[in-house]
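For reference, the chains in residue letters:
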Amino acid sequence: MSTAYIHNYEHLAHELDKLDQLISHRAAALRQRRQSMPEDARNKLYISYEEFDWLLTDLSALPPLVERRKQIESLHDEINRRSKISVAHGIFLPMAHLERLFTLSPFELQAIIICLAPELRPKYHTLYAYLQDDMTRQKPRIDLILDLLCFSEPDRWQARTYFSDDAPLFRYGLLRYLDDQQDLQLDPRILAYILGSNRIDERLTPVCRVLEPLQDMGQVFIDSQLKTRITRLVEQYGSSGKLTLYLQGQQGAGKRDLARGICGQLGCPLLYLDASAPDAEALLQTVFRETLLLQAALYIDHADSHDERFARRLEILVMEYGGLVILAGEKAWMSKFDQLAFQSVHLPAADGSLRQAAWENALQGSFPKNDVIAYSAQLAHQFRLTPGQIKAALQSAAHSSMMSNRAITINDLHAACRNQSNQKLAEIALKITPRCHWDDIILPESTLWQLREICNHVKYRHRIFSEWGFDAKLTHGKGLSVLFFGPPGTGKTLAAEVIAAELQLDLYKVDLSGVVSKYIGETEKNLARIFDEAESSNAILFFDEADALFGKRTGIADAHDRYANIETSYLLQKMEEYEGIAILATNLRENMDESFVRRLRFIIEFPFPDAINRAEIWKAQFPSQVPLGDIDYEFLAEQFPVAGGHIKNIVLNAAFLAAQDGGRIQMEHLLDGTRQEFEKIGKLWNEGMVWAK
Ligand code: ADP
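The present account deals with the structure reproduced in this document. (Residues numbered from 1 in each chain as written. Predicted model: local features only at pLDDT ≥ 70, side-chain atom pairs only at ≥ 80, totals over all residues. Heavy atoms only, no water.)

By the element assignment, E281 lies in the loop between β5 (270-274) and α13 (284-294). Only 3.3 Å separates the side chain of E281 from the side chain of R309, close enough to count as a polar contact. (Helix = DSSP H or I, 4+ residues; strand = E, 2+ residues; numbered from the N terminus. Polar contact = N/O pair within 3.5 Å; in protein donor to acceptor, adjacent residues only side chain to side chain.)

Here it is as structure tokens:
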């Protein structure tokens, strides 16, 4: 009665017993031949009749050899039976798996054992050298394998095909030639596999790693309908069906997590390959072999970084190796796979509720439950981060709190979210770090009220759009488009800063006249970039000199005008789609085309400040630590009808004058500073304006 092997090693030991018998058989055959060799056959000067006859005799039929072969066959059958029983009992026999994975014949399995033996027991080096009649040949060669395994000439001829390049042993790289192109060696990864280790091939570690499957699809933050549809499709094919998916989505959109979730459902690991790594293409075949050994699905990241040739190679490998292959990239997939089951899926940016779920999941455990809910809602609607960026933001916030040796706060999270937002925006727009608050801005009460209203809009839009369901009713127009108009230096940029500080958002300033004239004809592309980049942070976009684009049509349709027309409607459309705040600023409202102005949600005037406000603006310009003399703000305000921008410059001029002159800012410094500013801007300086107290 055959019994199961207790474990793999017992099976391998049994295989080596069989190998020993094969070796004995071969040695016996050699000995038989030598013994039966006529005396004078060693004489090379002539060939005797005896030697002639000897060369033509087939000794393989000699009873002792036949007897040995019978024993070998019965041992072979016994091993087969015990292997089958073991597999049926769930005992992992790597050789049995190799047989199935690479559809190997008994001969090929035996060839693998012959190459394996010297790795396990050094005695085989000596035995092989003996059989190959050369002390330097301690590794098996093809002839030795044929000698050991083939008992007849036709067997031998037929078995040669197992060593051709397209037969499994070499095609899958199970065996390889050593330097001299004759000695054979078992591939190190296959050797490790047979010995029970399923660690990833060392050659692949620079480009590959194994990702744990996600057991809970709830941890995958992508659109739930999309998730269901993809899962359904994948389940139809199963982990070994030949399905290739292309997941298109921005970095952090959840592509990898989705793939891990799919693997959780299928119950298989995921092998991750970074296709943008330099060696990735050369290692592709080894990667596919690895998926077989690991019984893993394959995830090829940055698949869009390659050309058509890469796609062709992929197609061939998927055809050959099968299995689930998930490609991922940011661009649309252009190549065609004619013979593959292929599906491209676009993962849109996570919407508010998904972001909120991702935040809740990420923040759990770091804050009390109520805070988790409140913060998640707030962060989800303030920052359009991908699930990946949300994780990264939390980690960086946690690090900054650790470095300050205190618990993590909502402010850490805000700062981390801003950092996650795309830094590329800074290349095309000027990033302004908001430093000013409501106290720093002096405006008529009605203007201030409108500015506060904008802030409230942002704060409460979550409730209005998500909780109260207005989301579904509006396709776009959820963002806030605002017009600030008023003379230069009246605080338009400052107001944007105050709003940004209040809402803890980034502020980017774009000089539209610069964009329009510099990139004539390409404005659209640049505007698109600005909005796309700003999207992730919900940054406030401040478009200065908006009349450059939204100015009234002159009626003369020159080329520039035609472009401008397209660009205006494009910018408006982008502004309406944009979920953050977009502010257009102009000095001259009259110059703005009324039909555009009507489409803006808020229109706020920044009036030229009256004397009372001017006095306040003068006061607001001095930091608290400044050494100040006796300053008559009312006098300055009355005397000089200038807007805040100039006042700011004057105060700075005065500060420099005072520093040279004793270190305390006095009225005369301010007057001299004013004179400098007036001269700079070509304003008439009237000596009568001199302070005469
Ligand atoms: P605008 O954008 O309208 O041209 P800015 O906001 O750039 O004007 O104003 C320039 C500077 O002038 C501000 O940084 C601030 O120091 C000062 N300033 C202008 N207007 C005000 C105001 N209403 N209140 C306080 N300071 C002001």
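Structure shown, so let's carry the discussion forward.
Further remarks concern the sheet that holds strand β6 (residues 297-301). In spatial order, the strands read β3-β5-β6-β7-β4-β8; together these six strands make up an open sheet with mixed pairing. Looking along the sheet, the strands with just one partner apiece sit at the ends: β3 (208-211) and β8 (341-346). Taken pair by pair, the neighbouring strands of this sheet meet at an average axis angle of 20°, ignoring direction. Bridging between strand β4 (residues 243-248) and strand β7 (residues 324-329) involves six bridges; their strand directions are parallel. (Pairing = 2+ DSSP bridges. Axes fitted to C-alpha atoms, helices over the stretch in contact; angles between N-to-C directions.)

Inspection of the entire model under this criterion finds 17 aromatic pairs. Plain terms: the ring middles of F92 and Y193 are 6.2 Å apart, the flat faces sit at 80° to each other, and that makes the pair edge-to-face. With F92 in the loop between α3 (63-88) and α4 (94-101) and Y193 in helix α10 (residues 188-194), this pair connects stretches of sequence that are 101 residues apart. Through successive ring pairs, a cluster of aromatic residues spans F102, Y172, F288 and Y321. Sitting over the face of the ring of F151, R69 holds its NZ or CZ atom 5.5 Å from the ring centroid. Above the face of the F485 ring, R589 is positioned so that its terminal group lies 5.4 Å from the ring centre. (Phe/Tyr/Trp six-rings, centres within 6.5 Å; stacked < 30°, edge-to-face > 60°. Lys NZ or Arg CZ within 6 Å of the ring centre and 35° of its normal.)

A few words on the pattern of salt bridges. This structure, assessed with the given rule, holds 28 salt bridges. A single salt-bridge network, built from bridges that share partners, covers R26, D143, D147, R156 and R160. (Salt bridge = Lys/Arg side-chain N within 4 Å of Asp/Glu carboxyl O.)

The next point concerns the site of the ligand. In the vicinity of the ligand lie 16 residues, with I442, G489, K492, T493 and L494 positioned nearest. At 3.1 Å from a nitrogen atom of the ligand is found a main-chain nitrogen or oxygen belonging to G491. Take K492: an N or O atom from its side chain is 2.8 Å from an oxygen atom of the ligand. Here the ligand loses 84% of its free accessible area of 550 Å² to cover by the protein chains. At a threshold of 2 Å from the grid points, most atoms of the ligand map onto the second largest pocket. Looking at the shell around the ligand residue by residue, the class counts come to six nonpolar, seven polar and three charged. (Near = heavy atom within 4 Å. Areas by Shrake-Rupley, 256 points an atom, 1.4 Å probe, with all protein chains shown as cover. 1 Å grid on protein atoms, 1.4 Å probe; cavity = no way out; pocket = protein on both sides within 12 Å on 5 of 7 lines; lining within 4 Å. Sits in = over half its atoms within 2 Å of the grid points. Nonpolar A, V, L, I, M, F, W, Y, C, P; charged D, E, K, R; others polar.)

The volume enclosed by the second largest pocket comes to roughly 1,100 Å³. Around the second largest pocket, the lining is made up of 48 residues, and of these L494, Q621, G644, G645 and K648 lie nearest the centre. Every element with two or more residues in the lining of the second largest pocket is listed here: α22 (492-503), β12 (540-544), α28 (611-620), α30 (644-660) and α31 (667-681). Examining the composition of the lining of the second largest pocket, we find that eight residues originate from one element, α30, more than from any other. Looking at the lining of the second largest pocket residue by residue, the class counts come to 25 nonpolar, 12 polar and 11 charged. In this structure, the lining of the second largest pocket is formed jointly by two domains, domain 4 (438-605) and domain 5 (611-681), each of which donates at least three residues. (Points joined across faces, edges and corners; volume = space filled by probe spheres on them. Domains from an automatic or database assignment.)

Attention shifts here to helix α15 (residues 352-363). Note: α-helices contain 3.6 residues per turn, so residues at a spacing of three or four share the same orientation. Taking 1.5 Å of rise per residue, 12 residues should cover 16 Å, and α15 covers 16 Å from first to last C-alpha, within 8% of that figure. Within α15, the full set of buried residues consists of G352, L354, R355, Q356, A358, W359, A362 and L363. Residue G365 follows α15 closely and has a positive phi angle near 90°. (Expected span 1.5 Å × (residues − 1). Buried < 20%, exposed > 50% of the residue type's maximum accessible area, 1.4 Å probe, protein only.)

Moving on, we come to unusual backbone geometry. Here the phi dihedral of T103 falls at roughly 40°; this positive angle occurs in a residue that is not glycine. By the secondary structure assignment, T103 is in the loop between α4 and α5 (106-120). With relative accessibility at 63%, the residue T103 sits in the exposed group. Its identity is not glycine, yet Q504 carries a phi of approximately 55°, on the positive side. Residue placement: Q504 occurs in the loop between α22 and β11 (507-511).

Between its first and last C-alpha, helix α14 (residues 308-321) extends 20 Å over 14 residues, near the 20 Å set by a 1.5 Å rise per residue. Those residues of α14 lying buried are F310, A311, L314, E315, L317, V318 and Y321. On the buried face of α14, the contacting elements are β4, α13, β6 and β7. One or two steps after α14, the chain reaches G322, where phi turns positive at roughly 70°. (Contact = heavy atoms within 4.5 Å.)

Another aspect to go through is the state of the cysteines. Per the counting criterion, the structure on display carries zero disulfides. Note on C115: no disulfide assigned, nearest cysteine sulfur contributed by C150 at a separation of 14 Å. (Disulfide = S-S within 2.5 Å.)

Once that is clear, we can look at the nonpolar core. Taken as a class, soluble globular proteins show a tendency for nonpolar side chains to be buried jointly. With 78 residues, the main nonpolar core has L19, F163 and I300 as its most contacted residues. Examining the composition of this core, we find that nine residues originate from one element, α5, more than from any other. Shared between two domains, this core takes at least three residues from each, and those domains are domain 1 (8-194) and domain 2 (202-346). Core analysis: the second largest hydrophobic core is formed by 52 residues, L363, C417, C436 and F542 among them. (Core = buried A, V, L, I, M, F, W, Y, C linked by side-chain atoms within 4.5 Å.)

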